[in-house]
Amino acid sequence: MPLGPGQRVLAVADDLSGAAETAAALLSRTTRTRVLLDPRTATPAPAGTTTVFDLDSRQLSATGAAARTTAVLTGLAPGTLVLKKVDSLLRGNLAAEIAALAATGRGVLLAPALPTAHRAVRDGVLHTDGLPLHTSNAWRAENTPPPRSIAEALGVPVALLALAAVRGPAGLLRTALRDALATGLPVVADAETDADLDALLAAALDVDPRVALAGSGGLALALGRSLGGGPPVPLPPPGPAARPLLVVVGTAEPLAAEQVRRLTADGAALYALDPGAPLPGGPLPPLRPGTTVLTLRRNGPPDPAAARATVRNLARTAAALLDTAPGPADLVLTGGETARRVLEALGVRELRPQGQVHHGAVLATTPDGRTVVTRPGSFGDADSLRLVARALRTPPARHAVHPPPAPGRPAPKPPRTSHDHAKGPFMNATPAAPAGTAPTAAEKSDALPVIAVTMGDGAGIGPEVIVPALLDPGTLTRIRPVVVGDAERLRRAAELVGLAGRARIVTVEGPGDAEFTPGRINVIDLGLLPADLPWGALSAVAGDAAYQYVRVAAELALSGAVQGICTAPLNKEALHAGGHLYPGHTELLAHLTGVDEVSMMLSTDTVKVIHVTTHIGLIDAVNRIEPGLVERTVRRGHDALVRAGVEHPVIGVCGINPHAGENGLFGYGEEEEKIVPALEILRADGIDARGPLPADTAFFLAGRGDYDLIVAMYHDQGHGPVKILGLEAGVNLTVGLPVIRTSVDHGTAFDIAGTGTADPGSMIEALRQAAALAPGPTG
């Protein structure tokens, strides 16, 4: 049953990262949430407050852990709901803390499943990634053997609530739970999915609202859903690059080394501490602006016996490094013990959660004005630290550099302003007017993104759709467009579409020379097309010119002179004839911007689809699909939607075979081999990726609103439905570039080129989406 908005919630965890994870699960559903490192500093919580205590009991004796649990449960306000956050791998003083809960007389329901990390409970045994815990290597850093069952971990008899009861009718579940609680034993519940946990929570609150809940972050998320209260709070914008960011990696997880490597590849400084050293030898380097990583130098397998001393040394070193900073520094802390010790060294006793960068990576602020991200050591993929750092820091602005002039043309003038794309693609940001003043029309225009519009193949319909799209009344209210192309060709197109009297085609040397007034079309004129170029005919000259337009636009984007690119269609055969062997815009822009891998996304008002493979043959596409490529494609689509304002995208992932293989009936197990492993990793990171889905129904479900994005495995699987559902207003986006790029979702249409009948609707929509997704200028 849903809980009231005035519900008091007390949650306790045995380490700081678990406390922060719990607070984040409840944050969006409550108005006041706090994480306290010292329960002795707690003040009485008013109604509607969630208080999460870090008991710091992971390393205590069983007696000490039980005593701390009992202390915080004493004297609670009537009606307080109690949640004990347990480790999803059953580590720590689980038996002692559950016994302390049971001693309160409330009754205990223990549901440690964590579906997002593929940790399930079946027949009272915890499974991780499909394996019973005691047969996995999940306890490799512990100094005791893993338990063979949850009852063994507790050391007492338990009442088991089997999965069949959990998934039965609600009335039968309530009866089974009531009978189990009546035994006076801790009730251990089977669960595999979020729906299982939701059902357990609803039954528990119906049977006895005083029952003490115990579970992993999965049960905390279920409680958050029950509390209600609106969407998650959006993360604050990134801070300036000049403010130091210290990333402290205190985990022995094997993936941590790769996370650190990728972060240093982005330019972070690295400081490695010898595990046995109380402090690093010699003077500490000053903590510089930007990102610094402090980690342990690994010389072999971790030593569990020395873990606590090692973490304390790491924390002291972190505090000493922070003392060298010229001003306040922010923190990223991985591993609950590490996070606790570093904050203790800084005198921090409270965190105020703001949201999550990804599942388990919780962003919070401290009373002294720091931003802190905590994350369990075992959470996140190889890009976790990189994603966290980018969420906290705006990269330094780049100075605009003009591209070299075309042969025979004068050198361009310097642009009047310097722009960059420091906030990253898809992040809208426009400078605010001073308080008490209204921005002028010029100031409003200056805040709009500058978009380079490439003319595409001059023999196709590109010029004919660009002119009316740029004259559309809404265009100049959204963007400042500058065409990269051929001015004379655009003048001829204006005549063809009957707009010669309205369109003023003005040649400029660069975006800095452009003026944005109604009727004016600014063109960086490369002058590459002959005056007698026929419409609708394949031409190597037009193919080469189309390449040059894109090249110049990419250089403008990388220099920061424009904040996005919108492309008119090119012809692949003409492009090849002109000497440029690229399958299309997507691959060409990836090459020009130095990106190894990008994805094509098609967007309409009805459905959005991203492709795992595009311009290759079907047999080659099936061979190329593999879990890593599927995972990276979904992540690019997810990130694009989040940055465009979809806070929690629901993503449907198509299978390869008919009916998604129908459990092996069709194909040779491609779905299980190539797609399912990627989905498991994505879900563990909190991305709502569902599938593999039969492609013949996925698009119907997306069209009625079930999915925000469909992931197609190959070109025609995605293109066919999109063209049926929304060709006229379709837009092609390239996802994964360092700059936003949109495009019309149609070709050069040689059959109607030069007739003046082309529909500019897709170009208008492409410009609109460029406006919605591109950052504003920052210079």
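Residues numbered from 1 in each chain as written. Predicted model: local features only at pLDDT ≥ 70, side-chain atom pairs only at ≥ 80, totals over all residues. Heavy atoms only, no water.

## Considering the overall build of the chain
On a plain count of helices and strands, the chain comes out with 24 helices and 30 strands. A total of 779 residues make up the chain; the buried ones form 54% of that total. (Helix = DSSP H or I, 4+ residues; strand = E, 2+ residues; numbered from the N terminus. Buried < 20%, exposed > 50% of the residue type's maximum accessible area, 1.4 Å probe, protein only.)

## Here's the deal with the pairing of strand β14 (residues 291-296)
Across the six residues of β14, six count as buried, placing the element largely inside the fold. The alternating pattern of β14 places Thr 291, Val 293 and Thr 295 and Thr 292, Leu 294 and Leu 296 on opposite faces, both of which are buried. Where strand β12 (residues 245-249) lies against β14, five bridges are found, and the strand directions are parallel. Following the sheet pairing, Leu 246 is matched in β14 by Thr 292. Pairing of strand β13 (residues 269-273) with β14, which is carried by five bridges, proceeds in the parallel orientation. The residue of β14 that forms the bridge with Tyr 271 is Leu 294. (Pairing = 2+ DSSP bridges.)

## A look at the sheet that holds strand β22 (residues 520-525)
Pairing is mixed in the open sheet, where 12 strands are placed in the order β21-β22-β20-β19-β23-β30-β29-β24-β25-β28-β26-β27. With partners counted over all chains shown, the strands left at the sheet margins are β21 (504-508) and β27 (688-693), one partner each. Taken over all neighbouring pairs, the strand axes of this sheet differ in orientation by 25 degrees on average, direction set aside. Summarising the sheet, strand β23 (residues 564-567) and strand β30 (residues 740-744) pair through four bridges and their orientation is parallel. Along β30, the bridge assignment pairs Thr 567 with Ser 743. Along the sheet, helix α16 (residues 540-559) makes contact with β19 (450-454), β20 (480-485), β22 and β23, crossing β20 at roughly 140 degrees. Sheet strands in contact with helix α24 (residues 761-773) are β19, β23, β24 (599-603), β29 (731-735) and β30, and its direction is about 165 degrees off that of β30. (Axes fitted to C-alpha atoms, helices over the stretch in contact; angles between N-to-C directions. Contact = heavy atoms within 4.5 Å.)

## Here's the deal with helix α6 (residues 170-182)
Compared with an ideal rise of 1.5 Å per residue, which puts 13 residues at 18 Å, α6 spans 18 Å between its outermost C-alpha atoms and is within 8% of the ideal. On its buried side, α6 packs onto β5 (108-111), β9 (159-161), α5 (163-166), β10 (187-189) and α7 (194-207). Looking at the residues trailing α6, positive phi occurs at Gly 184, about 80 degrees. (Expected span 1.5 Å × (residues − 1).)

## Overview of the packing of aromatic side chains
For any two aromatic rings, the description comes down to two numbers: the centre-to-centre distance and the angle of the planes. A full pass over the atoms with the stated rule returns one aromatic pair. Their ring planes at 10 degrees and their centres at 6.4 Å tell us that Tyr 547 and Tyr 582 sit as a pair that is stacked. Linking Tyr 547 in helix α16 with Tyr 582 in the loop between α17 (572-577) and α18 (585-592), this pair joins segments that are 35 residues apart in sequence. With respect to class, Tyr 547 is no different from Tyr 582; both count as buried. Positioned above the aromatic ring of Trp 535 is the side chain of Arg 489, whose terminal nitrogen or guanidinium carbon lies 3.7 Å from the ring centre. (Phe/Tyr/Trp six-rings, centres within 6.5 Å; stacked < 30°, edge-to-face > 60°. Lys NZ or Arg CZ within 6 Å of the ring centre and 35° of its normal.)

## Here's the deal with the pattern of salt bridges
Overall, the coordinates contain 35 salt bridges when judged by the stated rule. Arg 262 is the salt-bridge partner of Asp 383, the closest N and O atoms lying 3.1 Å from each other. Taken together, the residues span a long stretch of sequence, with Asp 383 in the loop between β18 (371-375) and α12 (384-392) and Arg 262 in helix α9 (residues 255-265) at a distance of 121 residues. Of the residues examined, Arg 262 reaches a relative accessible area of 24% and is grouped as partly exposed. In this structure, Asp 688 engages Arg 690 in a salt bridge whose closest nitrogen and oxygen atoms are separated by 2.8 Å. Residue classification places Asp 688 among the partly exposed positions, given a relative accessible area of 28%. Given a relative accessible area of 38%, Arg 690 falls into the partly exposed group. One network of salt bridges, in which partners are shared, links Asp 54, Asp 56, Glu 337, Arg 340, Arg 341 and Glu 344. (Salt bridge = Lys/Arg side-chain N within 4 Å of Asp/Glu carboxyl O.)

## Digging into the pairing of β24
Most of β24 is tucked away, with five of its five residues classed as buried. Of the two faces of β24, both are covered, the one formed by Ser 599, Met 601 and Ser 603 as well as the one formed by Met 600 and Leu 602. Across three bridges, the pairing between β24 and strand β25 (residues 608-611) is antiparallel. Opposite Met 601, over in β25, you have Ile 610 as the bridge partner.

## A look at the sheet that holds strand β8 (residues 131-132)
The three strands are arranged β6-β7-β8 in an open sheet whose pairing can be described as antiparallel. Strand pairing shows two members of the sheet lacking a second neighbour, β6 (119-122) and β8, which therefore form its edges. The pairing of strand β7 (residues 125-128) with β8 spans two bridges and is antiparallel. Each bridged residue has a counterpart across the sheet, and for His 127 the counterpart in β8 is Pro 132.

## Describing the confidence of the model for the chain
Across the chain, the average pLDDT comes to 83, with 84% of residues at or above 70. Within the model, pLDDT remains below 50 along residues 396-441, and this stretch shows 99 contacts once partners closer than five positions in the same chain are excluded. (pLDDT = per-residue confidence, 0-100.)

## Details of the packing of helix α1 (residues 16-27) against helix α8 (residues 217-227)
Here α1 crosses α8 at 25 degrees, and the two axes come no closer than 7 Å. In terms of orientation, α1 lies roughly parallel with respect to α8. With respect to the hand of their crossing, α1 and α8 are arranged in right-handed fashion. Of α8, the residues touching α1 (which contributes Glu 21, Thr 22, Ala 25 and Leu 26) are Gly 217, Ala 220, Leu 221, Leu 223, Gly 224 and Leu 227. (Parallel < 35°, antiparallel > 145°, perpendicular 65-115°, else oblique. Left-handed = near helix turned anticlockwise from the far one by under 90°.)

## Description of the side chain of Asn 93
Along the chain, Asn 93 turns up in the loop between β4 (81-85) and α3 (94-102). A distance of 2.9 Å separates a polar atom in the side chain of Asn 93 from the backbone oxygen of Ser 57. Beyond its immediate stretch of four places on either side in the chain, Asn 93 contacts Ser 57, Arg 58, Leu 60, Ser 61, Ala 62 and Ala 65. (Polar contact = N/O pair within 3.5 Å; in protein donor to acceptor, adjacent residues only side chain to side chain.)

## Looking at the side chain of Thr 633
Its location among the elements puts Thr 633 in helix α20 (residues 627-643). When its relative accessible area of 0% is taken as the criterion, Thr 633 is described as buried. There is a polar contact of 2.7 Å between the side chain of Thr 633 and the backbone oxygen of Leu 629.

## Considering the packing of α6 against α7
Between α6 and α7, the least distance of the axes is 9 Å, while the angle of their chain directions is 65 degrees. Crossing hand, α6 versus α7: right-handed. The segment α6 lies against α7, with Leu 173, Arg 174, Leu 177, Arg 178 and Leu 181 engaging Ala 199, Leu 200, Ala 203, Ala 204, Asp 206 and Val 207. Each residue belonging to the contact of α6 with α7 can be placed in one class, and the counts come to eight nonpolar, no polar and three charged. (Nonpolar A, V, L, I, M, F, W, Y, C, P; charged D, E, K, R; others polar.)

## Focus on α16
Under the 1.5 Å per step criterion, the end-to-end length of α16 is 29 Å for 20 residues, consistent within 8% with the ideal 28 Å. Taken across its 20 residues, α16 has 14 buried, putting it largely inside the fold. Two or three places before Val 541, at the opening of α16, Ser 539 has a side-chain oxygen 3.2 Å from that residue's backbone nitrogen. The positive-phi residue at the C-terminal boundary of α16 is Gly 560, with phi of around 90 degrees.

## Describing the environment of Gly 168
Along the chain, Gly 168 falls in the loop between α5 and α6. Distance in space between the C-alpha atoms of Gly 168 and Ala 199 is 9.5 Å, their sequence separation being 31 residues.

## Observations concerning the environment of Ala 542
For Ala 542, the position within the fold is in helix α16. Taking the C-alpha atoms as reference points, Ala 542 and Gly 458, separated by 84 residues in sequence, lie 5.8 Å from one another. With near-sequence residues (within four places) excluded, Ala 542 lies in contact with Asp 457, Gly 458, Ala 459, Leu 529 and Leu 533.

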